[in-house]
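Residue-level structure breakdown
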Amino acid sequence: MKIKLNTHYSELKKNYLFSEIARRVAAYSAADPQKKIVRLGIGDVTLPLSPCVIKAMEKAVAEMGKKETFQGYPPSFGYDFLLKAISNHYAAYGTDIGTDEIFVSDGAKSDVGNITDILGSNPVLITDPVYPVYYDSNVMSGNSVTFIPANRENGFLPSPRGIDTNGAVIYLCSPNNPTGAVYDKAGLQEWVDFAVSTGSLIVFDSAYEAYIKGDLPHTIYQIEGARKCAIEICSFSKTAGFTGVRCSWAVVPRELESGGVKLAEYWARRQSTKFNGVPYIVQRGAEAAFSKEGYAECMGLVEYYMENARIISALLDRKGIYYTGGVSAPYIWMQCPNGLSSWEFFDELLNTVQVVGTPGAGFGANGEGFFRLTSFGTRDDTVEAVSRLEKIL
Ligand code: PLP
């Protein structure tokens, strides 16, 4: 062919993290098929959808089968019933988000990846280690990225102190994947103040907000000034087990504007041009997840995973191993013992006790020497993994 391609795709680093894990596990299993491997590397939920969600989706399926209640294309930005449910969710955190500021979508991944469509060429700041989508989507757009180191010294919660830039796009994720670290109000306030004073935009990924315990911000809009500088992207994936159902939302506050243009106008244009909405059945399920009864059921799922997190964290506490996460996040980010690199520790766990986790180096340079364990497994697998790890840590 003679067409020109987007050459920025050739600048992407090969994403070999999960394929390399799969390769090493498959090679180990092939050599020793008797040994049962326990996986704590999984970033996907394992429990089924809650009864309220299923009931609502079944009702919606029945509606789709009747002429009077059949639904065609959904509204581009979400049905009113779901916009109201999301707005009420924010109200429960003491924040006032209008239904006109919410854009329902098919996943936080889509939104954090697509947001570059409405942004020009700006300095981009991304914490390292990081959920890879922020970085890759900026490389695809030809943007140059500056990494902000997250490390043991700053508790994996870097601040803007010492950063000298204007008009930047800053990606923050709290509770964080992969580190499980969570910003408190003061920590987020620093970022919001920095963004407002430098005319920057924060893209705030709150996909794990349902896992927060105690007095920590669930949404960036609990921070004063955030409406002037932040887009928030959140999801039903980890709150309600919707990873295979697909429903999320972005909040683009009315106040956000640059050069006299409202960001919400551009995002509305982008979404209505390139996206045709989330299915009615799915939105009814999402609405049910935010009903009183449905939310209680979803919190039951979250609590199950967080009990797994407590079981894993207790082991690390007993062994005196440094880690972040596991309290207000389903991820536990541990330092590899004995100065091992992430992949050396991965191999040791696989070869000696057949436990699989995720090497931190796969999430960025600052992840080297760290290892991510997740609480999304079954209780039995988690208990089994911990008893095996107990022997070698
Ligand atoms: N944001 C973060 C930080 C994640 O870890 C994930 C999934 O692992 C996503 C977004 C994707 O969410 P969704 O399933 O809504 O696309």
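Structure first, text after, so check above.
Residues numbered from 1 in each chain as written. Predicted model: local features only at pLDDT ≥ 70, side-chain atom pairs only at ≥ 80, totals over all residues. Heavy atoms only, no water.

A look at the side chain of Ser 50
Tracing the backbone through its elements, the reader meets Ser 50 in the loop between strand S1 (38-39) and helix H2 (51-64). Polar side-chain contacts of Ser 50 include one of 3.3 Å to the side chain of Glu 297. Residues contacting Ser 50, with those up to four places away along its chain left out, are Gly 294, Glu 297 and Cys 298. (Helix = DSSP H or I, 4+ residues; strand = E, 2+ residues; numbered from the N terminus. Polar contact = N/O pair within 3.5 Å; in protein donor to acceptor, adjacent residues only side chain to side chain. Contact = heavy atoms within 4.5 Å.)

Thoughts on the packing of aromatic side chains
If you walk through the whole model with that rule in mind, you get 28 aromatic pairs. Here the aromatic rings of Phe 345 and Phe 371 are separated by 4.9 Å at their centres, their planes lie at 80°, and the arrangement is edge-to-face. Separated by 26 residues along the polypeptide, Phe 345 in helix H11 (residues 342-353) and Phe 371 in strand S15 (residues 370-374) bring together distant segments of the chain. The two residues Phe 345 and Phe 371 agree in class, both being buried. Here the basic side chain of Arg 284 rests over the ring of Phe 81, its NZ or CZ set 3.6 Å away from the ring centre. Above the ring of Tyr 304, the side-chain terminus of Arg 379 is found at 4.4 Å from the ring centroid. (Phe/Tyr/Trp six-rings, centres within 6.5 Å; stacked < 30°, edge-to-face > 60°. Buried < 20%, exposed > 50% of the residue type's maximum accessible area, 1.4 Å probe, protein only. Lys NZ or Arg CZ within 6 Å of the ring centre and 35° of its normal.)

Considerations on the pattern of salt bridges
Under the defined criterion, the tally for this structure stands at 22 salt bridges. Note that Asp 32 and Lys 35 form a salt bridge whose closest N and O atoms lie 3.1 Å from each other. Owing to a relative accessible area of 24%, Asp 32 belongs among the partly exposed residues under this scheme. Judged by its relative accessible area of 39%, Lys 35 falls in the partly exposed class. One network of salt bridges, in which partners are shared, links Asp 100, Glu 101, Arg 227, Arg 254 and Glu 255. (Salt bridge = Lys/Arg side-chain N within 4 Å of Asp/Glu carboxyl O.)

A look at the environment of Ile 118
Residue position: Ile 118 is located in the loop between helix H4 (108-114) and strand S3 (124-128). Residues Ile 118 and Ala 314 lie 196 residues apart in sequence; the distance between their C-alpha atoms is 44 Å. Setting aside its immediate chain neighbours within four residues, Ile 118 contacts Leu 263, Tyr 266, Trp 267 and Arg 270.

Remarks on H11
Over its twelve residues, H11 runs 16 Å from end to end, which matches the ideal 16 Å to within 8%, given 1.5 Å per residue. Listed as buried for H11 are Ser 342, Trp 343, Phe 345, Phe 346, Leu 349, Leu 350 and Val 353. Buried positions in H11, seen along its axis, are confined to an arc of 160° and lie on one side of it. Elements in contact with the buried residues of H11: helix H1 (17-31), strand S12 (331-335), strand S13 (355-356), strand S14 (358-359), S15 and helix H12 (379-392). Following H11 by one or two positions, Gln 354 has its phi on the positive side, about 55°. (Expected span 1.5 Å × (residues − 1). Arc of directions from axis to C-beta.)

Considerations on the sheet that holds strand S8 (residues 248-251)
Pairing is mixed in the open sheet, where seven strands are placed in the order S2-S8-S7-S6-S5-S3-S4. Every interior strand has two partners, whereas the edge strands, strand S2 (102-105) and strand S4 (145-149), have only one. Strand-to-strand twist across the sheet, computed as the mean angle between neighbouring axes with direction ignored, equals 20°. Where strand S7 (residues 230-235) and S8 come together, four bridges link them in antiparallel fashion. Residue pairing for S8: Ser 235 is matched across the bridge by Ser 248. (Pairing = 2+ DSSP bridges. Axes fitted to C-alpha atoms, helices over the stretch in contact; angles between N-to-C directions.)

Some remarks on the site of the ligand
In the neighbourhood of the ligand, 14 residues make up the surrounding shell, with Asn 177, Asp 205, Tyr 208, Ser 235 and Ser 237 lying closest. Contact distances for the ligand include 2.9 Å between an oxygen atom and a backbone N or O atom of Lys 109. Between Asn 177 and the ligand, the recorded distance is 2.7 Å, taken from a side-chain N or O atom to an oxygen atom. Here the ligand, which alone exposes 400 Å², has 91% of that area covered by the protein. Every element with two or more residues in the shell around the ligand is listed here: H4 and helix H7 (237-240). Partitioning the shell around the ligand into residue classes produces six nonpolar, four polar and four charged. (Near = heavy atom within 4 Å. Areas by Shrake-Rupley, 256 points an atom, 1.4 Å probe, with all protein chains shown as cover. Nonpolar A, V, L, I, M, F, W, Y, C, P; charged D, E, K, R; others polar.)

Side note on the environment of Arg 39
Mapped onto the elements of the fold, Arg 39 is located in strand S1. Residue class for Arg 39 comes out partly exposed when judged on its relative accessible area of 47%. Separated by 42 residues in the primary sequence, Arg 39 and Phe 81 place their C-alpha atoms 39 Å from one another. Setting aside anything within four residues of it in sequence, one finds Arg 39 in contact with Val 25 and Val 356.

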